[in-house]
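Residue-level structural notes
One letter stands for each residue in the lines below.
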Amino acid sequence: MKKISVDALVIGAGFAGLYMLLKLRDRGLNVQVLEAAGDVGGTWYWNRYPGARCDVISVEYCYSFSKELQEEFKWPERYSGQPDILKYIQYTTEKFDLRKNIQFNTKVTDAIYNEDTQLWQVKTEEGQVFETTYFIMGTGCLSVPKEPDFKGIDSFNGEFYLTGKWPHNEVSFEGKRVAVIGTGSSGVQVIPEIAKKATHLTVLQRTPSYSIPGKNFPLDDTYLQDIYKRYDEIRHKAKTGTRGVGLTNVQGTGKSIKEFSREEAFKMMAETIEKGTSTLSSLFNDVKNDPEADQIIREFLYEMLDKIVKDPQTANLLKPNYPLLSKRYSLGLEYLETYNRDNVTLVDVLNDPIEEITPKGVKTKNTEYEFDMIVCATGFDGMTGAISKINIEGKNAVKLKSKWAAGPRAYLGLMSNGYPNMFTITGPGSPSILANAVMSIEQHVEWIDQCIQHMQTNNIAALEPKLEEENKWVQHVTDIAEPFFISKGNSWYLGGNIPGKPRVFMPYIGGLGAYTDICNTIAATGYQTFSKKTALMQTHK
Ligand code: NAP
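Reference entry: report on the structure contained in this document. The shown structure was predicted, so the numbers you read here are calculated from the model rather than taken from an experiment.

With that out of the way, let us pick up the overall build of the protein. When you go through the protein residue by residue, the secondary structure sums to 15 helices and 20 strands. Taken over the C-alpha trace, the protein has a radius of gyration of 24 Å; the compact-globule value for 541 residues is 24 Å, and the two agree within 12%. When each of the 541 residues of the protein is scored for burial, the buried share is 58%. In the protein, of all internal contacts separated by at least 6 residues, the share reaching a separation of at least 24 is 72%. For the protein, the accessible area works out to roughly 22400 Å², and carbon and sulfur atoms hold 49% of it. Each charge class in the protein can be summarised by its mean position, and for the 61 positive and 66 negative side chains these summaries are 2 Å apart.

This is how it looks when you write it as structure tokens:
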């Protein structure tokens, strides 16, 4: 088989891979993108279930690198839906003529580093072999759905769907008895939409989610023109702040919630939600780690839930019993209200666990339910799922899987010692999904682009982080998360949802702005925390 030689091989054609392609192509490199799906979009290609949308405001959940693009694409809603996000990604692809460098329906199986040639050899399931100087993973943090492994799953006679791999054809719920398993962010979005159409919807809930009511509305030209005028300021705030957003930052009090009377604190939280912002956590400085503070915020949310959900038994079942900020909470658009519908039933599968899927439906310990359709919104193998699907071998043929057996070890979430010139966009150890993912991606892509430029101008053929620096970073990522609830919840942030996955808190909690400063300082001081091998530069045209 003839090897295809390129300068840079980018895996994935979502937000990350597309921008990486553009940057490196503009630098004059010969870049090839490989994408498993049939088209661009990444997570937005696969997650096309009804109700799918991003809970970061659309005018912020988009690239900032092109002023023209920012002002050309008209976002239709405050939180635009998946079809519009996908349209935006396709629009960007056409605008910058990216498609010609992307090969679709191509699954990468192996990536092997050759220390003699200082090149990566990358193989695909389809039998192709690529040779590349730079191997860049833009495979996303939430791209590999957790495959449900219920006993008897293949015996079900009805329709079965995974939200994370939703089919392209229209799925009809009309006249059907539908079950949804999973009440995380995906479940919270799909449940109201199915409820509107199905004859009956049964939600099989193991762990309730905190769902904070959000405000969505169509955007008119006046709104957009105002954003365009303020974009520079909004983006500056986003990139220098903690969460990668510039519009919805709550003006925090900088105080403990306990310094306020219960009435005052509840009023402030109610007003924040009323203004259309769900980040209550930013209002007070102790709700991320103080159980008493968390209790107050929880009581506020329980009270709100009791006002929305009419049946007290259902309302009680919907109340989470863990700290608000120990998991990702969801933006609810009609979510809680859905449980007031006559055609919706909430079933507690924590106390009456699912035992198996039968030809007719779902059997719990105590009951058998009959369904025409089962929808699993059961989550993802987050942050490392896509990387671990590829057999990656670095120096001395060490498999990344072995190196990461006790949890991912990466420097800045960007590179891993022993794997020269391999970059991970929003990899474990970076702020990635704890901030607006598009801002996290832009920062990583721009850093990688600068790093490659540095390598080229300094005749560096191989660059990798020093082991001691990587160890320090991994420890730092763990240490700064340690005081907070988020590092202890049983969430996908820690691999808590995947049986056998090591429990390690993976994202960097220090905030996008602070993290960017660290990355920029490393670049400005000549990448001293990296080992470099100088050799004749290999370029492939
Ligand atoms: P998730 O948060 O991991 O939720 C998975 C749900 O499935 C949980 O309720 C889980 O219950 C349940 N589940 C899993 N296995 C089960 C089993 N065997 N029996 C019963 N229930 C089971 O996954 P997700 O909802 O797809 O969200 C993942 C992440 O994607 C989010 O945190 C977010 O970052 C992102 N996302 C964002 C948006 C948005 O922007 N609004 C939308 C969708 C997704 P347990 O908790 O008991 O395990």
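Right, let's talk about the nonpolar core for a bit. With 74 residues, the main nonpolar core has Phe15, Ile136 and Trp447 as its most contacted residues. Per-element tally for this core: the top contributor is helix α13 (residues 437-457), with 10 residues. When residues of this core are assigned to domains, at least three fall in each of domain 1 (4-144 + 382-539) and domain 2 (211-376). With residues near it in sequence (within four places) discarded, tryptophan 447 still touches Leu414, Phe423, Cys519, Ile522, Ala523, Tyr527 and Phe530. If you look at the next biggest cluster of nonpolar residues, it comprises 53 residues, including Ala52, Trp166, Val171 and Met304.

Side-chain alternation along strand β2 (residues 31-34) places Val31 and Val33 on one buried face and Gln32 and Leu34 on a second face that is also buried. The pairing of strand β1 (residues 3-11) with β2 spans 4 bridges and is parallel. Along β2, the bridge assignment pairs isoleucine 11 with leucine 34. As paired strands, β2 and strand β3 (residues 102-103) are joined by 2 bridges and run parallel to one another. Residue pairing in the sheet places leucine 34 in a bridge with glutamine 103 of β3.

Taken together, 23 residues sit near the ligand, with Ser185, Ser186, Arg206, Thr207 and Trp492 positioned nearest. Serine 186 places a polar side-chain atom, nitrogen or oxygen, 2.7 Å from an oxygen atom of the ligand. Within the side chain of glutamine 189, a nitrogen or oxygen atom sits 3.0 Å from a nitrogen atom of the ligand. Here the ligand has 910 Å² of accessible area as a free molecule, and 85% of this is covered by the chains. Considering every element that reaches the shell around the ligand, the biggest residue donor is helix α5 (residues 185-197), with 3 residues. Taken together, the residues that form the shell around the ligand break down as 8 nonpolar, 9 polar and 6 charged.

A few words on helix α15 (residues 512-524). With 13 residues, α15 ought to run about 18 Å at 1.5 Å a step, and its terminal C-alpha atoms sit 18 Å apart, in line with that. What α15 keeps buried is the set Leu512, Gly513, Tyr515, Thr516, Cys519 and Ile522. In the stretch just after α15, glycine 526 is the one whose phi turns positive, near 80°.

Turning our attention to the sheet that holds strand β9 (residues 200-205). Strands in a sheet are paired, the pairing made by backbone hydrogen bonds, and the direction either parallel or antiparallel. If you trace the 5 strands from one edge of the open sheet to the other, you get β7-β16-β8-β9-β12, paired in parallel fashion. Only two strands of the sheet have a single neighbouring strand rather than two, namely β7 (159-162) and β12 (344-348). Along the sheet, successive strands turn relative to each other by an average axial angle of 20°, direction set aside. In the sheet, β9 pairs with β12 via 5 bridges, with the strands oriented parallel. Of the residues in β12, the one forming a bridge with leucine 201 is valine 344.

For the rest of this paragraph, the subject is the sheet that holds strand β13 (residues 354-357). As summarised here, the arrangement of the 3 strands in space is β13-β14-β15, forming an open sheet in which the pairing is antiparallel. Looking at the sheet topology across the chains shown, the edges are occupied by β13 and β15 (368-370). Along the sheet, successive strands turn relative to each other by an average axial angle of 20°, direction set aside.

So, about the packing of aromatic side chains. Each aromatic ring pair is characterised by the separation of its centres together with the angle its planes make. Enumeration over the complete set of coordinates arrives at 34 aromatic pairs. When the ring of tryptophan 75 is compared with that of tyrosine 88, the centres are 4.9 Å apart and the planes differ by 35°; the resulting orientation is tilted. With tryptophan 75 in the loop between α3 (67-72) and α4 (82-95) and tyrosine 88 in helix α4, this residue pair connects regions lying 13 residues apart in the sequence. The same class applies to tryptophan 75 as to tyrosine 88, namely buried. Taking 5.2 Å as the distance between ring centres and 40° as the angle between the ring planes, the aromatic pair formed by tyrosine 161 and tryptophan 166 counts as tilted. Each member of the pair, tyrosine 161 as well as tryptophan 166, carries the same accessibility label: buried. Within the aromatic cluster, the residues linked to one another by ring pairs are Phe15, Tyr19, Trp44, Tyr61, Tyr63, Phe65, Phe73, Trp75, Tyr88, Tyr91 and Phe96. When the ring centre of tyrosine 322 is taken as reference, the NZ or CZ atom of lysine 327 above it lies at 5.1 Å.

Attention now goes to the pattern of salt bridges. For side chains of opposite charge, pairing can occur when their charged atoms come near one another. Tallied over the full model, the rule gives 35 salt bridges. Aspartate 449 is the salt-bridge partner of arginine 27, the closest N and O atoms lying 2.7 Å from each other. Here arginine 27, found in the loop between α1 (15-26) and β2, pairs with aspartate 449, found in helix α13; they are 422 residues apart in sequence, far enough to count as distant. Judged by relative accessible area, arginine 27 falls into the partly exposed class, the value being 27%. You can call aspartate 449 buried: its relative accessible area is 3%. For glutamate 72, the salt bridge goes to lysine 95, with nearest N and O atoms at 3.2 Å. Note that glutamate 72 is positioned in helix α3 and lysine 95 in helix α4, a separation of 23 residues in sequence. Accessibility expressed as a relative area gives 31% for glutamate 72, which makes it partly exposed. The exposure class assigned to lysine 95 is partly exposed, which follows from its relative accessible area of 29%.

Definitions and cut-offs
Within each chain, residues carry numbers counting from 1 in the order of the written sequence. Given that the model is predicted, a residue must reach a pLDDT of at least 70 before its local features are reported, and side-chain atom pairs must reach 80 or more before they are shown or counted; all residues, however, enter totals for whole chains, interfaces and linings. To get the side-chain values, take all heavy atoms of the structure and skip hydrogens and water. A helix here means a DSSP run of H or I that spans at least four residues, while a strand means a run of E at least two residues long, and both kinds are numbered starting from the N terminus. Radius of gyration: over C-alpha atoms. The globule rule applied is 2.2 Å multiplied by the number of residues raised to the 0.38 power. Each residue is assigned to one of three classes by its accessible area relative to the maximum for its type, calculated with a 1.4 Å probe on protein chains only: buried under 20%, partly exposed between the two thresholds, exposed over 50%. In this description, contact between two residues means that some pair of their heavy atoms is separated by no more than 4.5 Å. To be clear on the numbers: accessible area is Shrake-Rupley with a 1.4 Å probe, and residue cover counts the displayed protein chains and nothing else. In summary, the charge assignment counts Lys and Arg as positive and Asp and Glu as negative, without counting His or the chain termini. By convention, the point assigned to a charge is CZ for Arg, NZ for Lys, CD for Glu and CG for Asp. To form a nonpolar core, buried Ala, Val, Leu, Ile, Met, Phe, Trp, Tyr and Cys residues must be joined to one another through side-chain atoms within 4.5 Å. Domain extents, as shown, originate in an automatic or database domain assignment. The pairing criterion is simple: DSSP has to find at least two bridges between the two strands. To be near a molecule or strand, a residue needs just one of its heavy atoms within 4 Å of it. Pairs of N or O atoms are called polar contacts if they sit within 3.5 Å, as long as, within protein, a hydrogen donor faces a hydrogen acceptor (for residues adjacent in sequence, only side-chain-to-side-chain pairs). Amino acid classes used here: Ala, Val, Leu, Ile, Met, Phe, Trp, Tyr, Cys and Pro are nonpolar; Asp, Glu, Lys and Arg are charged; the rest, including Gly, are polar. Expected helix span is given by 1.5 Å per residue-to-residue step, counting one fewer step than there are residues. The axes used here are C-alpha line fits, helices contributing only the stretch in contact, and every angle between their N-to-C directions lies in the interval 0 to 180 degrees. Stacked, tilted and edge-to-face are the three classes applied to pairs of Phe, Tyr and Trp rings, where Trp contributes its six-membered ring and a pair requires centres within 6.5 Å; stacked means planes under 30 degrees apart, edge-to-face means over 60, and tilted covers the rest. Only lysine NZ and arginine CZ atoms are considered, and such an atom sits over a ring when it is within 6 Å of the ring centre and within 35 degrees of the ring normal. For this analysis, a salt bridge means a side-chain nitrogen from Lys or Arg found within 4 Å of a carboxyl oxygen belonging to Asp or Glu.

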